Amino acid sequence: MSAPATETATGRADSAAADRQLAPPWSLLMELSHRCPLRCPYCSNPETLVRRAAELTTADWLRVLDEAADLGIHHVHFSGGEPLVRDDLETLVERAAALGLYGNLITAGTLLDRGRLDALAGAGLDHVQISLQDTDAGSADLIAGLPGAFEAKLRAAALVREAGLPLTLNAVVHRRNIDRVAELIALAERLDAARIEIAHVQYYGWALRNIDALMPALDQVERAMAVVEEARVRLKGRLTIDAVVPDYYARRPKPCLGGWGRHGMMVTPSGRVLPCHAAESIPGLQFPHVTAKGLAEIWQSDSAFRRFRGTEWMEEPCRSCPAREVDFGGCRCQAMAIAGRAEATDPACALSPHHGWLRQRAERAASGGDRPYAYRNFAGTKGSA
């Protein structure tokens, strides 16, 4: 990674002022394990997965929750991999509830039975999110890399609603399933979900490895977004529909999680604290470990969290862009992956010299036809698509 631009005295003052005014993070994502029964080829976990032996202990995670509450965090997300593989999940949920943290379980759903859900609800769990790969059982199971996954997810969703817990469905869309967005929304209605996320694949890690098998065509994206907009109007007040479009077809970048190190933080299964899922893909940044530093110290003063926080790090054209405090420069990991420099303009922006290449790469990938998936697992083996 290139060396940071030289700071001026004014820049140092502005940065110091920003640090003094820094609000606590709103949410903490706890990736309890990278173990998972699913093998989705777009998984946001890194390609090098953490093994069970390297996972944090129960005591470590309990300390993380205590520090999160002290820091002023409101929401904690229990995620993975699959968080249900941890037999201490109920203990962690109970501690979060006792601390007044809103606890959200992000799960594939295939391991969620009535007994486990009753135990989690009794421990104080507030909300459940279940991933959904498709509305066609055969296609859904193929994407998940697990026979029977689709039916197991439907049973889990029904159990969540029977328990009286609010339900969100996470539907990651790509070339194989994007033409069934209307059916995904209809399924969310039938399952009595409060919310559905229609999230186009974001191309990092496993998804970047599988880009030629996943990228939809532009006309597919446009049709899907038209369906989403119509459904938002029709279902207003009944079903919240969030949508994330693929950066490769965008003209303006998205603010990455509201800006680097501004609203949330995450802890990996091995205990590294990151501002976003893909942050470790940026060379030269050393991310702290929860056993070496407390969350408050990391949030307020760690150099990796401060590196792209705010706007002082920006180069042109971002530095003088009127949208710099709207999108905060977009995604640093995408800039690294495509432009080769984390400081570069996010290629999703039309002002980036790499923007044309991004569109061409999308069009080339979308025209590739059926390709085999490199399934997400510890070996990274391929399977038929």
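Residues numbered from 1 in each chain as written. Predicted model: local features only at pLDDT ≥ 70, side-chain atom pairs only at ≥ 80, totals over all residues. Heavy atoms only, no water.

1. Observations concerning the overall build of the protein
So, point 1. A tally of helices and strands in the protein yields 15 helices and 11 strands.
So, point 2. For 385 residues, the compact-globule estimate of 2.2 N^0.38 gives 21 Å, and the protein sits close to it at 21 Å.
So, point 3. With the C-alpha coordinates of the protein rotated into their principal frame, the extents come out at 60 × 50 × 45 Å.
So, point 4. By the burial criterion, 52% of the 385 residues in the protein qualify as buried.
So, point 5. Residue pairs in contact within the protein that sit at least 24 positions apart in sequence constitute 73% of those at least 6 positions apart.
So, point 6. Accessible surface for the protein amounts to roughly 16,200 Å². Of this, 52% is attributable to carbon and sulfur atoms. (Helix = DSSP H or I, 4+ residues; strand = E, 2+ residues; numbered from the N terminus. Rg over C-alpha atoms; globule rule 2.2 N^0.38 Å. Buried < 20%, exposed > 50% of the residue type's maximum accessible area, 1.4 Å probe, protein only. Contact = heavy atoms within 4.5 Å. Areas by Shrake-Rupley, 256 points an atom, 1.4 Å probe, with all protein chains shown as cover.)

2. Some points on helix H2 (residues 58-71)
Since the α-helix turns once every 3.6 residues, residues separated by three or four places project in the same direction.
So, point 1. Spanning 14 residues, H2 covers 20 Å between terminal C-alpha atoms, matching the ideal 20 Å at 1.5 Å per step.
So, point 2. Packing partners of the buried residues in H2 comprise strand E1 (27-31), strand E2 (75-79), helix H3 (89-98), strand E8 (264-267) and helix H11 (295-301).
So, point 3. A positive backbone phi angle near 105 degrees is found at glycine 72, which sits one or two residues after H2. (Expected span 1.5 Å × (residues − 1).)

3. Some thoughts on the pattern of salt bridges
Pairing between side chains becomes possible if they bear opposite charge and their charged atoms approach one another.
So, point 1. In the structure shown here, the tally under the stated rule is 26 salt bridges.
So, point 2. For aspartate 247, the salt bridge identified is with lysine 254, shortest N-O distance 2.2 Å.
So, point 3. By relative accessible area, lysine 254 is classed as partly exposed at 29%.
So, point 4. Between lysine 293 and aspartate 302 there is a salt bridge, with the nearest N and O atoms lying 3.1 Å from each other.
So, point 5. You can call lysine 293 partly exposed: its relative accessible area is 27%.
So, point 6. Aspartate 302 sits in the buried class, given a relative accessible area of 4%.
So, point 7. Three or more residues are tied together by salt bridges with common partners; here these are Arg35, Glu55, Arg86 and Asp88. (Salt bridge = Lys/Arg side-chain N within 4 Å of Asp/Glu carboxyl O.)

4. Quick notes on the sheet that holds strand E9 (residues 273-274)
So, point 1. Reading across the sheet, the 9 strands line up as E7-E6-E5-E4-E3-E2-E1-E8-E9 and stay open at both edges, with mixed pairing between neighbours. The strands lining the two open edges of the sheet, one partner per strand, are strand E7 (240-244) and E9.
So, point 2. In this structure, strand E5 (residues 167-173) lies alongside strand E6 (residues 195-200), joined through 6 bridges in parallel fashion. Across the sheet, the residue bridging to asparagine 170 is glutamate 197, located in E6.
So, point 3. Running at roughly 170 degrees to E1, H2 makes contact with E1, E2 and E8 of the sheet. (Pairing = 2+ DSSP bridges. Axes fitted to C-alpha atoms, helices over the stretch in contact; angles between N-to-C directions.)

5. Some remarks on the confidence of the model for the protein
Detailed reading of predicted coordinates is not advised where the pLDDT is low.
So, point 1. Model confidence for the protein is summarised by a mean pLDDT of 91, while 93% of its residues fall at 70 or above.
So, point 2. Throughout residues 1-20 the model reports pLDDT below 50, and contacts reaching past four residues in sequence, or to other chains, amount to 18 contacts. (pLDDT = per-residue confidence, 0-100.)

6. So, unusual backbone geometry
So, point 1. Cis peptide bonds are those with omega within 30 degrees of zero, and the linkage from glycine 80 to glycine 81 qualifies with 15 degrees.
So, point 2. Of note, glycine 81 is situated in the loop between E2 and H3.
So, point 3. For the bond running from glutamate 316 to proline 317, omega is 5 degrees, close enough to zero to count as cis.
So, point 4. With respect to the helices, strands and loops of the structure, proline 317 is situated in the loop between helix H12 (303-306) and helix H13 (324-327).
So, point 5. Backbone geometry at aspartate 192 places phi at a positive 60 degrees, although glycine is not the residue there.

7. Details of the nonpolar core
So, point 1. Ranked by size, the top nonpolar core spans 89 residues in total, and within it Leu28, Phe78 and Met265 carry the most contacts.
So, point 2. Membership of the second largest hydrophobic core comes to 19 residues, among which are Leu285, Ala304, Phe308 and Met336. (Core = buried A, V, L, I, M, F, W, Y, C linked by side-chain atoms within 4.5 Å.)

8. Side note on the side chain of threonine 107
So, point 1. Looking at the element boundaries, threonine 107 is found in strand E3 (residues 102-107).
So, point 2. A polar side-chain atom of threonine 107 sits 2.9 Å from the main-chain amide nitrogen of glycine 109.
So, point 3. Aside from chain neighbours lying at most four places away, what touches threonine 107 is Glu82, Leu84, Val128, Gln129, Ile130 and Ser131. (Polar contact = N/O pair within 3.5 Å; in protein donor to acceptor, adjacent residues only side chain to side chain.)

9. Digging into helix H14 (residues 332-339)
So, point 1. The element H14 is largely enclosed, with a buried count of 7 among its 8 residues.
So, point 2. The set of residues buried in H14 consists of Arg332, Cys333, Gln334, Ala335, Met336, Ile338 and Ala339.
So, point 3. Of the surrounding elements, those touching the buried residues of H14 are helix H15 (355-366).

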